[in-house]
Amino acid sequence: ETLIVNGEIQGDFPAGAAPRTAAGVREDGNVIFYVLDGRQSPYSYGAKIETLAKRMKELGCVDAINLDGGGSSTFVLQSTSASDGFAAKNSPSDKSPRAIPNGLAIVSK
């Protein structure tokens, strides 16, 4: 779902707060990946999509999209301490990373 196009927040978003994942591009070309926990009162209730769009704009994004949310909103880093080499760095609403058919990988050379 499109959040921001050419610096303008898009409208008519569905209601309801949930865990969210978004990606955006700033004017300087830097990419922002944003993961927000939710459905874990009082820790985090998540956010409405409109709130997510406003946050991405606050972070300087001129274009941004909402990715899958809910239990799929998981931020994972490669870790030498985790038995499988990866560790969740947020608190997914499913209490652990959900098996998913795809994801985004950011690799540093």
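Residues numbered from 1 in each chain as written. Predicted model: local features only at pLDDT ≥ 70, side-chain atom pairs only at ≥ 80, totals over all residues. Heavy atoms only, no water.

1. Let's talk about the nonpolar core
The biggest cluster of nonpolar side chains holds 11 residues, and these are Leu3, Ile4, Phe13, Ala22, Ile32, Ile49, Leu52, Ala53, Met56, Cys61 and Ala64. For this core, the secondary-structure elements that each account for two or more residues are strand 1 (2–5), helix 1 (49–58) and strand 5 (61–66). Ranked by residues supplied to this core, first place goes to helix 1 with 4 residues. Discounting chain neighbours no more than four positions away, the residues touching Ala53 are Leu3, Ile4, Ile9 and Phe13. (Core = buried A, V, L, I, M, F, W, Y, C linked by side-chain atoms within 4.5 Å. Buried < 20%, exposed > 50% of the residue type's maximum accessible area, 1.4 Å probe, protein only. Helix = DSSP H or I, 4+ residues; strand = E, 2+ residues; numbered from the N terminus. Contact = heavy atoms within 4.5 Å.)

2. Considering a nonpolar patch on the surface
A cluster of nonpolar side chains, namely Val25, Val31, Phe33, Leu104 and Ile106, defines an oily patch on the protein surface of about 490 Å² accessible area. By secondary structure assignment, the location of Phe33 is in strand 4 (residues 31–36). (Patch = residues over 30% accessible without salt bridge, like charges linked within 9 Å, V, L, I, M, F, W, Y side chains within 5 Å. Areas by Shrake-Rupley, 256 points an atom, 1.4 Å probe, with all protein chains shown as cover. Salt bridge = Lys/Arg side-chain N within 4 Å of Asp/Glu carboxyl O.)

Everything listed here is a matter of coordinates, which is why it stays silent on function.
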